[in-house]
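Structural overview for review
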Amino acid sequence: MLPLPKVVETNGHMAVHFKHPVIACSIIALCSAASAEPPISTYGTPGLIDMPVATPLEDGLLVPTLSYGGGTLKNTLSFQIAPRVTGTFRYSSITDYDGPGKTRYDRSFDINVLLMEESGVWPAISAGLRDFGGTGIYSSEYLVATKHFGDKLAVTGGLGWGRLATHGAFDNPLSVISDYFDTRGSGPSSINEVGRLEADQWFRGDAALFGGVEYRFNDRFSLRAEYSSDAYVKESGSAGFVQNTPINVALSYQAKNGANISAYALHGAELGVMATFPLHPERPKVPSGREAAPVPIMATPQRSDLGWDSSSTSTSSGETALAAAFAAEGLVLEGLTVSGDVATVRMSNQRFGALPQALGRASRLLANMMPAEVGTFRLVVTEKGMPISTTTIKRRDLVALEHDLDGSWRMFARADIADAVGTTVPASRAYPKMSFGLKPYIQPSLFDPDSPLRADLGVEATAAYTPFSGVILSGAVRQPVVGNLDSITRLSNSKIRHVRSDSGLYATQADTEIKHLTAEYFFRPGRNLYGRLTAGYLETMYGGVSGELLWYPTDSRLALGAEVNYVKQRDFDQLFGFQEYEVATGHLSAYYDFGGGYLGQIDAGRYLAKDWGATLSLDREFDNGFKIGAYFTITDIPFNDFGEGSFDKGVRLTIPVNWLTGEPSKEGVSMTIQPVTRDGGARLFVRNRLYGVTRDAHTSELEDRWGRFWR
């Protein structure tokens, strides 16, 4: 698992620390893209121009979209969460929306659900919410149907509410069910009400019809036309938008890599352009990878030819050669014991994003370099010095299945995976050890109304010392070189303790920054149990002590954890001093792997502002480590006191480096996007939480990625 990044927050905007120094959205635009089916609207969702269509995206497809027209710039990220569910986050810039020279920056979420698939004479039918829980600028709901006639023509018709009922409106047909649908709620009346789920608006009030067609000339060019039920009321009144006709048209060109460029005309008066860069997480840029091929399994030479002592395998030149071979594969041989015909190795994976690939390479080396009388290999995988799981493999199975077409899955069926607690293999070869690093970093700041995009570029120096198994002393220091984060002027207006919303002051008052300086201890207190103790400067804004205990059986999809922290707020210069504020926080957590790549998590407890509540998270992780998710937090802080956004929520994305480059790597580009960051529901950022540290070596995750065992 790749850890989520640290997030530096200010009132009304957010900065994201990437684990790898590349801006994720730029990477997405440059990656190989997937086919863009169906057409994408200016809202970044399946649609014609402004109006939606009923056809969902391909399952798992991720679609970044950039559109500009009528004085509005929309940046959108849509994701097909499940075959029938599409989710969208959008950040819009609307010129003169609040009057001449006053640009409105707006954040919004959409959700679309496919109610019925297209089949035979029946069209696909979908229902959706646009800009739900936001400011309400684009607030609308719709029911829409789309029918394809051959592979060239698609016809769409729908019924809209809210903004999609501002042209050609009539009485709500749902009123025949109940007069509940007659009156639409007024939406947020102040900035403090923004972000709530305004259910009193959904599918209520007047309704209007919309529709359109798409015609594909060939695989490259298509023409779309629509009858729009959006009158652009606010834009027409304050931003000078002109609506001469409800008809919009667009001409699109799709490149071979799936990227799509469109030019469109809105309402007979405004021109616009749009670009989409759809990609599929399951289709990496280099599908097969760029790593060197593994060594083939050879006939086993005699013990003396391998360099093993005649009476021992623990202090022989053979073990030294094996350690060197492991190191060449990016693996660390921490220890080795041999008892009878069983060789047990203690190892850690430093290179491969898929742990089964590391196990496969280690198994080949053991088959080639251990004496013939050793017929069983026990591979004890460690993380942070903790033994996590033991995978037992027979030499005869390696020989029999190396070239079998179904060798990976047959090997998984024959392998035995068990808890590694109590392993007696000494870690004599691995400790003590020390490492240093120097790398560039980029720290962007997003969504500040004064300047929606800021960034610093600098260098980060890291060092870590591990005196013995499970103990890690580490630190990271950053030095900004160029950038404009120090120009942030917006101050927090939070009514509660400023536990996160003063983070702009951390950006402006710091130069050389201690990002973390900690002592960590990882241990196994018992079967199925993992423990962590951390002390020091834990993150950008807090230092103190943190303790965690995790129950996570090797073959279980369920894990339960508990964490307790006592921290003080750091000085704004991010050096060694502290402020007066101190707090005890903690959470009880439940993690569940639903299968199919869906991961759920609930954290309940006390947050940094001394508020009590819970966070619900849902992520979708693909077998290659690409991960997309969302979360929200509700605490006992009233929505009005929380401020803009009403409660904490966000989306998060992790792109493995090997997905981008094809090179073997455990690193990744991670980002978390929060529409508005405030103080309620703020949690401590602690490195190396146990679920992320241990999950890769558990049975369900090994099974998901076992296809790379022979790679």
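What this report covers is the structure whose coordinates are included nearby.

The rules behind these values
- Here the residue numbering is sequential within each chain, running from 1 through the sequence in written order.
- The predicted nature of this model means local features are confined to residues of pLDDT at least 70 and side-chain atom pairs, given and counted, to a pLDDT of 80 or more, with totals for whole chains, interfaces and linings taken over all residues.
- Side-chain metrics rest on all non-hydrogen atoms present in the structure, leaving aside hydrogens and water.
- Buriedness for pockets is judged along seven lines, at least five of which must meet protein on both sides within 12 Å for an open set on the 1 Å grid over protein atoms alone, while cavities are sets there where a 1.4 Å probe fits but cannot get out, and lining residues have an atom within 4 Å of a point.
- Grid points are joined across faces, edges and corners, and a volume is the space filled by probe spheres set on the points.
- A helix here means a DSSP run of H or I that spans at least four residues, while a strand means a run of E at least two residues long, and both kinds are numbered starting from the N terminus.
- Amino acids outside the nonpolar list (Ala, Val, Leu, Ile, Met, Phe, Trp, Tyr, Cys, Pro) and the charged list (Asp, Glu, Lys, Arg) are all regarded as polar, and Gly is one of them.
- A pair of strands is considered paired only if DSSP assigns at least 2 bridges between the two.
- Inter-axis angles, ranging from 0 to 180 degrees, are taken between N-to-C directions of lines fitted to C-alpha atoms, where helices are fitted over the stretch in contact.
- We call two residues in contact whenever any of their non-hydrogen atoms come within 4.5 Å of each other.
- Working definition: with a 1.4 Å probe on protein chains only, accessible area under 20% of the residue-type maximum means buried, over 50% means exposed, and in between means partly exposed.
- To obtain the arc, one takes the directions from the helix axis to the C-beta atoms.
- Patch members must show over 30% relative accessible area and no salt bridge, and they are joined within 9 Å when carrying like charges or within 5 Å when they are nonpolar side chains of Val, Leu, Ile, Met, Phe, Trp or Tyr.
- For accessible areas, the Shrake-Rupley method is used with a probe of radius 1.4 Å. Any residue's cover is judged against the shown protein chains and nothing else.
- Within this document, salt bridges are pairs made up of a side-chain nitrogen of Lys or Arg and a carboxyl oxygen of Asp or Glu, the two lying within 4 Å of each other.
- In this count, Lys and Arg are taken as positive residues and Asp and Glu as negative ones, while His and the chain termini are left out.
- Working definition for charges: the position is that of NZ of Lys, CZ of Arg, CG of Asp or CD of Glu.

This part is about empty space enclosed by the protein. Applying the stated criterion across every chain, the model contains ten cavities of 30 Å³ or more. As for the second largest cavity, its lining consists of 13 residues, of which Thr45, Pro46, Ile111, Asn112 and Tyr142 are closest to the centre. Broken down by secondary-structure element, the contributors of at least two residues to the lining of the second largest cavity are strand S5 (85-94), strand S6 (104-116) and strand S7 (124-130). Tallied by class, the residues present in the lining of the second largest cavity amount to six nonpolar, five polar and two charged.

Summarising the sheet, strand S24 (residues 529-537) and strand S25 (residues 542-551) pair through eight bridges and their orientation is antiparallel. Opposite Gly536, over in S25, you have Gly544 as the bridge partner. A loop of four residues connects S24 with S25, the two strands running antiparallel in sequence. Looking at chain direction, S25 and strand S26 (residues 558-570) are connected through ten bridges and run antiparallel. Each residue of the ladder has a partner; that of Leu550, found in S26, is Gly561.

Read from one edge to the other, the open sheet built from five strands follows the order S15-S16-S17-S18-S19, with strand pairing classed as mixed. Edge positions in the open sheet fall to strand S15 (331-339) and strand S19 (416-419), since each of these has one partner strand only. Strand-to-strand twist of the sheet, defined as the mean angle between neighbouring strand axes without regard to direction, takes the value 20°. Note that strand S18 (residues 386-394) and S19 share four bridges and pair antiparallel. Looking across to S19, one finds that Ser389 is bridged to Asp419. Strands in contact with helix H4 (residues 317-328) are S15 and strand S16 (342-349); relative to S15, the strand with the most contacts, it is inclined by about 145°.

Let's shift gears to the sheet that holds S5. One closed barrel holds the twelve strands; their spatial order is S3-S4-S5-S6-S7-S8-S9-S10-S11-S12-S13-S14, and the pairing between them is antiparallel. Going across the sheet, the axis of each strand differs from the next one's by a mean of 20°, ignoring polarity.

Attention shifts here to helix H7 (residues 407-414). All of the buried residues along H7 are Gly407, Ser408, Met411 and Phe412. Projected down its long axis, H7 carries its buried residues within an arc of 135°, all on one side. Lining the buried residues of H7 we find S18, helix H6 (395-401), S19 and helix H12 (699-705).

Moving on to a negative patch on the surface. A surface patch of like charges, here negative, comprises Asp171, Asp179, Asp182 and Asp206. Structurally, Asp179 can be placed in the loop between strand S9 (153-162) and strand S10 (207-216).

A few words now on a nonpolar patch on the surface. A cluster of nonpolar residues, Phe149, Leu153, Val155, Val213, Tyr215, Phe217, Phe221, Leu223, Leu251 and Tyr253, forms a patch on the protein surface that exposes about 840 Å² of accessible area. Within the residue set of the nonpolar patch, elements represented by two or more residues are S9, S10, strand S11 (221-227) and strand S12 (247-254).

As a further point, take the pairing of strand S4 (residues 72-82). Relative to S4, strand S3 (residues 62-69) runs antiparallel, the two sharing eight bridges. Following the sheet pairing, Tyr68 is matched in S4 by Leu73. Inspection of the sheet shows S4 paired to S5 by ten bridges, in the antiparallel sense. What sits directly across from Leu73, in S5, is Ser93. Linking S4 back to S5 in an antiparallel pair, the connection comprises two residues.

Interpretation in functional terms is not warranted from these geometric data alone.
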